[in-house]
Amino acid sequence: MNEFKNFINGKWVSSSKTFENRNPVDNSLIGLVHEAGREDVDAAVKAARAALRGSWAQLKVEERVDLLHAIVDGINQRFDDFLAAEVADTGKPHVLAGHLDIPRGAANFKVFADLIRNVPNETFSTETHDNGRALNYAVRVPRGVIGVVCPWNLPLLLMTWKVGPALACGNTVVVKPSEDTPATATLLGEVMNKVGVPAGVYNVVHGFGPDSAGQFLTEHPLVDGITFTGETVTGEAIMKAAAKGVRPVSFELGGKNPGIVFADADFDKAVAGIARSTFENTGQVCLGTERVYVQRPIFERFVAALKQRAEAFKLGRPQDPGVNFGPLISLQHREKVLGYYKMAKAEGAVVVTGGGVPAMPEPMNVGAWIQPTIWTGLPENSPVIREEIFGPCCHIAPFDTEEEVIRLANSTPYGLAATVWTQDLGVAHRMGAALDVGLCWINSWFLRDLRTSFGGAKQSGIGREGGVHSLEFYTELRNVCIKL
Ligand code: NAD
Ligand code: 6OD
């Protein structure tokens, strides 16, 4: 039986309380997770604090950079273990985890290791009242102990997206992985020890949110900043915890992202692009498209073509050849998504395809499988169009003018991402300027350059991470002023 223990100060720490970790493909038991109590979280935070002032602080930047590169090598050497662990936790196809999750898990350390060597600092020469001069220069110092609270959809990728810059900037971390995906964060502890990252720099505490490790971590007074990816409502709870002690937060939250297809778009590329943005990772991508707006002249043709794509997905065991569609993360999440499937029907949606649970052979028949689903015909005020579902589904509506689609796209409290399909450069630039989002992809989706800013507008987040933008949260800027 696998056991996922807490990783505190470089050691594996058991707990008297455990919970089950199940594989969503067939609901089989993967292992038992040791749930951290308040005292475990306290020990992890104190270990992180000691390393922050001790072993980690004593390293030169070059030595830290070398260690980050060693972590990259360590992940790559155990690529198959990370792949197997991520696939077992999430049920996602091998091909997806092998191309996206695990390589990005390694790349997130490399990009910030490379960046930290080349951070420019500002200096100002100032005239003084006595006709002398003063020199101002900025020093970046680590923020401190960072609490990292993670979701389950891209577990290693999204965790390292935070741990990479945090460590590069000289911070130490306590990570709380999602209760649904404890494996890769745990495995990373083995890599940290193997490559010689000092004890206490990287810690992992397992558990849930409220009254569990998530709450204990975010409430801990010795945590200097909290970076969180997850639901907007969870962000609100964490923000309350962070208010005590006025600790800064960096939030990547929910979305209800529009996909906009103009009549002049390259039709086949637009269909393929929207199929990917709607259905990749079984729709469990924060950047995913759940509202599609298609210009009227191509509306019917587009709906038919997307239906064909949705019906062509191959569901099955992650490792089987050709499989490109996995289950949802859990039976519990499936209940939530099916709730929206039922609501869409009750509200009179035309169910273009899907709408339920597919027939799967044993033993997958008890897994968290769901059909890719497309609707049309719902009013814009339907909860199906307004609320984040986080499943493999979208509603498609026609539009006539640019002004109309901008109004529709922006009429939500979220503002994470948009994908726009057009061959008109003028339209592309105007949409980039008008859409109220943190990320606007034109003729593409989830095309990431890790040096660019990442984050959401409105209720989709606070702050930006990525490249130099990560320095805003992971360092404090100190100005030193010297009277010459
Ligand atoms: P979630 O908010 O339910 O949980 C995320 C993490 O927060 C988990 O580790 C959970 O245990 C913890 N948590 C829950 N309540 C807590 C509390 N009160 N205090 C401290 N920790 C708490 O999110 P999820 O279901 O794991 O992930 C799906 C959500 O994440 C979706 O809304 C999705 O849009 C969002 N997401 C956003 C981005 C982004 O970049 N904007 C990326 C991925 C996922
Ligand atoms: O690519 C990234 O850096 C990133 N944060 C992706 C988020 C995906 C959300 O599910």
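Quick look at the structure, then. Keep in mind that what you see is a predicted model, and the values were worked out from it rather than measured.

Time to look at the packing of helix α5 (residues 94–116) against helix α6 (residues 155–168). Where α5 meets α6, the closest approach of the two axes is 8 Å, and the angle between their N-to-C directions is 15 degrees. In terms of orientation, α5 and α6 fall into the roughly parallel class. The way α5 lies across α6 gives a crossing that is right-handed. Where α5 abuts α6, its residues Leu100, Asp101, Ile102, Arg104, Gly105, Asn108, Phe109, Phe112, Ala113 and Ile116 lie against Pro155, Leu156, Leu157, Thr160, Trp161, Val163, Gly164, Pro165, Leu167 and Ala168. Residue classes in the contact of α5 with α6 are distributed as 14 nonpolar, 4 polar and 2 charged.

Right, let's get into α5. In this model α5 runs 32 Å from its N-terminal to its C-terminal C-alpha over 23 residues, within 8% of the 33 Å that 1.5 Å per residue would give. When the local axis directions of α5 are compared, the greatest deviation, roughly 35 degrees, occurs at Arg104.

Here we take up the nonpolar core. Counting 71 residues, the largest nonpolar core has Phe109, Leu188, Tyr202 and Leu287 as its most contacted members. At 11 residues, α5 tops the list of elements feeding residues into this core. Summarising the domain contributions, this core has at least three residues from each of domain 1 (2–253 + 460–483) and domain 2 (257–450). Residues in contact with Tyr202, not counting those within four places in the same chain, are Phe7, Met159, Val163, Val173, Val175, Ala185, Leu188, Gly189 and Met192.

Let us look at unusual backbone geometry. The omega torsion of the bond from Glu362 to Pro363 falls at 0 degrees, within 30 degrees of zero and hence cis. Position of Pro363 relative to the elements: it lies in the loop between β15 (350–353) and β16 (373–376). Its identity is not glycine, yet Asn27 carries a phi of approximately 60 degrees, on the positive side. Relative to the assigned elements, Asn27 resides in the loop between β4 (18–22) and β5 (29–34). Note on Asn27: relative accessible area 27%, which makes it partly exposed. If you check the backbone angles, Val246 has positive phi at about 50 degrees while not being a glycine. Among the secondary structure elements, Val246 is positioned in the loop between α9 (232–243) and β12 (249–252). In this structure Val246 comes out as exposed when scored by relative accessible area, which is 75%.

Our next topic: the packing of aromatic side chains. What the rule picks out here adds up to 14 aromatic pairs. Look at Trp445 and Phe446: their rings are 5.4 Å apart centre to centre, the planes differ by 75 degrees, and that puts the pair in the edge-to-face class. We note Arg448 situated over the ring of Trp161; from NZ or CZ to the ring centre the distance is 4.9 Å.

Turning our attention to the site of ligand 2. In the region of ligand 2, the neighbouring residues are Arg104, Asn153, Leu154, Leu158, Trp161, Glu252, Val285, Cys286, Leu287, Phe446, Arg448 and Phe454. Asn153 has a polar side-chain atom sitting 2.8 Å from an oxygen atom of ligand 2. Contact distances for ligand 2 include 2.8 Å between an oxygen atom and a backbone N or O atom of Cys286. Isolated, ligand 2 exposes 300 Å² of accessible area, and the fraction of that covered by the protein chains is 100%. Here the shell around ligand 2 is composed, by residue class, of 8 nonpolar, 1 polar and 3 charged. The two domains that each donate at least three residues to the shell around ligand 2 are domain 1 (2–253 + 460–483) and domain 2 (257–450).

What counts as what
Residues numbered from 1 in each chain as written. Chains lettered and ligands numbered in written order. Predicted model: local features only at pLDDT ≥ 70, side-chain atom pairs only at ≥ 80, totals over all residues. Heavy atoms only, no water. Axes fitted to C-alpha atoms, helices over the stretch in contact; angles between N-to-C directions. Helix = DSSP H or I, 4+ residues; strand = E, 2+ residues; numbered from the N terminus. Parallel < 35°, antiparallel > 145°, perpendicular 65-115°, else oblique. Left-handed = near helix turned anticlockwise from the far one by under 90°. Contact = heavy atoms within 4.5 Å. Nonpolar A, V, L, I, M, F, W, Y, C, P; charged D, E, K, R; others polar. Expected span 1.5 Å × (residues − 1). Bend = angle between axes of the 7 residues up to and from the residue. Core = buried A, V, L, I, M, F, W, Y, C linked by side-chain atoms within 4.5 Å. Buried < 20%, exposed > 50% of the residue type's maximum accessible area, 1.4 Å probe, protein only. Domains from an automatic or database assignment. Phe/Tyr/Trp six-rings, centres within 6.5 Å; stacked < 30°, edge-to-face > 60°. Lys NZ or Arg CZ within 6 Å of the ring centre and 35° of its normal. Near = heavy atom within 4 Å. Polar contact = N/O pair within 3.5 Å; in protein donor to acceptor, adjacent residues only side chain to side chain. Areas by Shrake-Rupley, 256 points an atom, 1.4 Å probe, with all protein chains shown as cover.

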